[in-house]
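Single-letter residue listing:
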Amino acid sequence: MSKVKTQFVCRECGNISGKWVGNCPQCSSWNSFDEVVKLKEKPEQHKARINGSQYNNRPTSLKDISVQESDRFTSGIGELDRVLGGGFMPGSFVLLGGDPGIGKSTIALQIAKENKSVRILYTSGEESAGQIKQRALRMEYEESELQVYTETDINQIIEQARKDRPDILVVDSIQTVFRPELTSMPGTVAQIRECAALLMQLAKHEGITVLTIGHVTKEGDLAGPRVLEHMVDTVIQFEGDKSLDYRILRTLKNRFGPAQEIGVFEMTATGLEQVKNPSQLFLSEYDSEVSGNSIVCTMEGSRPVLLEVQALVTPSNYGMPQRTASGFDQRRLSLLIAVLEKRGGFPFSSQDVFLNIAGGMKLSETACDLGVACALVSSLVDKPVAGSLAFIGEVGLGAEVRKVTRLQARVEELKKMGFNKALIPGGSKIAAEGIGLKKINNLQGALKEGMGV
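As the structure is a computational prediction, the values presented were derived from the model and not from experiment.

The rules we used
Residues numbered from 1 in each chain as written. Predicted model: local features only at pLDDT ≥ 70, side-chain atom pairs only at ≥ 80, totals over all residues. Heavy atoms only, no water. Helix = DSSP H or I, 4+ residues; strand = E, 2+ residues; numbered from the N terminus. Buried < 20%, exposed > 50% of the residue type's maximum accessible area, 1.4 Å probe, protein only. Contact = heavy atoms within 4.5 Å. Pairing = 2+ DSSP bridges. Axes fitted to C-alpha atoms, helices over the stretch in contact; angles between N-to-C directions. Arc of directions from axis to C-beta. Polar contact = N/O pair within 3.5 Å; in protein donor to acceptor, adjacent residues only side chain to side chain. Right-handed = clockwise from strand over helix to strand, strands pointing away. Parallel < 35°, antiparallel > 145°, perpendicular 65-115°, else oblique. Nonpolar A, V, L, I, M, F, W, Y, C, P; charged D, E, K, R; others polar.

Asker: Got a minute to help me understand the environment of Val-148 in this structure?
Answerer: Here Val-148 shows up in strand S6 (residues 147-149). In this structure Val-148 comes out as partly exposed when scored by relative accessible area, which is 36%. Linking Val-148 and Ala-108, residues 40 residues apart in sequence, is a C-alpha distance of 12 Å. Excluding its chain neighbours within four sequence positions, the residues that come into contact with Val-148 are Tyr-122, Ala-129 and Ile-132.

Structure (structure tokens):
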């Protein structure tokens, strides 16, 4: 009989300890160790269960390895293919995360609907076959060769995948499958790590693309040990408010293409519809006659996207003024307010400041600083920004406007959306027809051009 071994595993980083400790010595997380009971196996038994079959692996010269970009196959969904870097790569391991009900299972099922030439084995441990059929009917997807397999035993799933040899194996979700050799419950650190290792070997040795759906924590991070994200080739995650109709699919990691690429979808009664022009979606309700509103251009991967910045500055009724930001780094907001006070003389110290990025998007790059600063001053002095004007530039601590990357792509997006004028950093070397470009060197010049203050 196999011997029993008790270990404590950190759910954040996968660090293993022989006893319970309050603070993980590797990732410094508190109260993150879970007890795991594992059966000791003989080395030959462990190898057989990991490999499943004997592979004749030998070292291969790099020049003899044939891999081409044309080996990719598309999902039939243009926005998903953009996020993946052009489509699925055979033998890749993809992790799809997101909040409950945001559309993870829907888009996995929609791949089979949009590209009928792709053979998919859809394994589900959360839903019955009848529930999957009901979703397919709601998506108006009836005639299909999609193979549905309701199983949670990872050994059975891998055996079925080797037998059917599909193009894509969908596992919904990694938190529901388990390896019987482990005594821990499904969803624990040990089970997720072991199941992910088996799926990774299946993808690499058999050339089957594995699309695994993962849950997220209340903080919005992917649930499970961090080693799970290191194992997979690509991590994509749904963002956005579930109460809104549109969803944002973002690449967090991609070994086969650029990271931080986004795809935009709209949730409808028949599934997820692609949004080919995100800028038009986010600016659909923009009102240039309201003070505190400005337009900025951010780069999401290789795609320029225009966003609306909304600022509201009101007198504070308390001793400590509020600083609230939605979709923008609050520390960056405090920095810009300090620059406006010190270099511009604007009295923000007695004002409550509320900043919002319309549409639920998040601004992470500093190229949008100029638009945020002008929106704050616009609300403070209650003067709207000039119509058809956009802002591009980073604001330094001396109120200087610094250069940004990919300026040409940003300007082309502004032209496409019908903007007549844009304020850009003074040191930029660019010329464009059909749009007026005003080069500015400091924040004071931008405020004068935008609002006349």
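Asker: What am I meant to see in the sheet that holds strand S17 (residues 389-391) here?
Answerer: Adjacent strands of a sheet form backbone hydrogen bonds with each other and so pair up, either parallel or antiparallel. Ordered in space as S15-S16-S14-S13-S17-S20-S21, the seven strands form an open sheet in which the pairing is mixed. Where the open sheet ends on each side, the last strands, each with one partner, are strand S15 (323-326) and strand S21 (436-440). Mean inter-strand twist for the sheet, computed between neighbouring axes without regard to direction, equals 30 degrees. Sheet analysis places S17 next to strand S20 (residues 421-425), joined by three bridges and oriented parallel. Each bridged residue has a counterpart across the sheet, and for Ala-390 the counterpart in S20 is Ala-422. Its contacts with the sheet put helix H10 (residues 369-381) on strand S13 (293-300), strand S14 (303-315), strand S16 (351-357), S17, S20 and S21, and the angle it makes with S14 is roughly 30 degrees.

Asker: Just checking my understanding: could you explain the pairing of strand S12 (residues 271-274) for this structure?
Answerer: A regular strand carries its side chains on alternate faces of the sheet. As judged from the four bridges shared by strand S11 (residues 262-268) and S12, these two strands associate in the antiparallel manner. Each bridged residue has a counterpart across the sheet, and for Met-267 the counterpart in S12 is Leu-272. Between S11 and S12, which pair antiparallel and follow one another directly, the connecting turn spans two residues.

Asker: What is the right way to look at unusual backbone geometry in this model?
Answerer: With the exception of glycine, the majority of residues adopt a negative phi angle, and the majority of peptide bonds are in the trans configuration. Cis rather than trans, the peptide bond between Asp-172 and Ser-173 has omega equal to 5 degrees. Here Ser-173 shows up in the loop between strand S7 (168-172) and helix H6 (189-206). Although it is not a glycine, Arg-406 sits at a positive phi angle of roughly 55 degrees. As for its placement among the helices and strands, Arg-406 is situated in the loop between strand S19 (401-402) and helix H11 (407-416). Taking the relative accessible area as the measure of exposure, Arg-406 reaches 43% and is therefore partly exposed.

Asker: Teacher, can you tell me more about helix H5 (residues 154-164) here?
Answerer: Considered for burial, the residues of H5 that qualify are Ile-154, Ile-157, Ile-158 and Ala-161. Looking down the long axis of H5, one finds its buried residues gathered within 95 degrees of arc, a one-sided arrangement. Exposed and oriented more than 90 degrees from the buried face of H5 are Glu-159 and Lys-163. On its buried side, H5 packs onto strand S5 (120-124), S6, S7 and H6. The backbone nitrogen of Asn-155 lies 2.9 Å from a side-chain oxygen of the residue at the head of H5, namely Asp-153. Among the residues trailing H5, Arg-165 stands out with phi positive, at a value near 50 degrees.

Asker: I'm lost on the pairing of S7 in this one. Help?
Answerer: Of all five residues in S7, five are buried, a share of seventy percent or more. Neither face of S7 is open: one carries Ile-168, Val-170 and Asp-172, the other Leu-169 and Val-171, and all of them are buried. One ladder, built from five bridges, connects S5 with S7; its direction is parallel. Paired with Tyr-122 across the bridge in S7 is Val-170. In the classification by handedness, the crossover that spans S7, the intervening H6 and the parallel strand S8 (residues 209-214) is right-handed.

Asker: What am I meant to see in the packing of H5 against H6 here?
Answerer: Describing two packed helices takes the angle between their axes plus the distance from one axis to the other. The N-to-C vectors of H5 and H6 enclose an angle of 10 degrees; their axes lie 10 Å apart at closest approach. By the angle between their directions, the pair H5 and H6 is classed as roughly parallel. Between H5 and H6, the contacting residues are Ile-154, Asn-155, Ile-158, Ala-161 and Arg-162 on the first element and Cys-195, Leu-198, Leu-199, Leu-202 and Glu-206 on the second. Class assignment for the residues of the contact of H5 with H6 results in seven nonpolar, one polar and two charged.

Asker: I'm lost on the side chain of Ser-316 in this one. Help?
Answerer: Note on placement: Ser-316 falls in the loop between S14 and S15. A distance of 3.3 Å separates a polar atom in the side chain of Ser-316 from a polar atom in the side chain of Asp-352. Beyond its immediate stretch of four places on either side in the chain, Ser-316 contacts Pro-321, Ser-350, Gln-351 and Asp-352.

Asker: Could you clarify how one ought to interpret the sheet that holds S11 in this entry?
Answerer: Pairing in this open sheet of nine strands is mixed, and the strands run S6-S5-S7-S8-S4-S9-S10-S11-S12 from one edge to the other. A strand with exactly one partner marks an edge of an open sheet, and here the two such strands are S6 and S12. Taking each pair of neighbouring strands and ignoring which way they run, the sheet shows an average axis angle of 25 degrees. Relative to S8, helix H3 (residues 104-114) is tilted by about 155 degrees, and along the sheet it contacts strand S4 (93-97), S5, S7, S8, strand S9 (234-239), strand S10 (246-254), S11 and S12.

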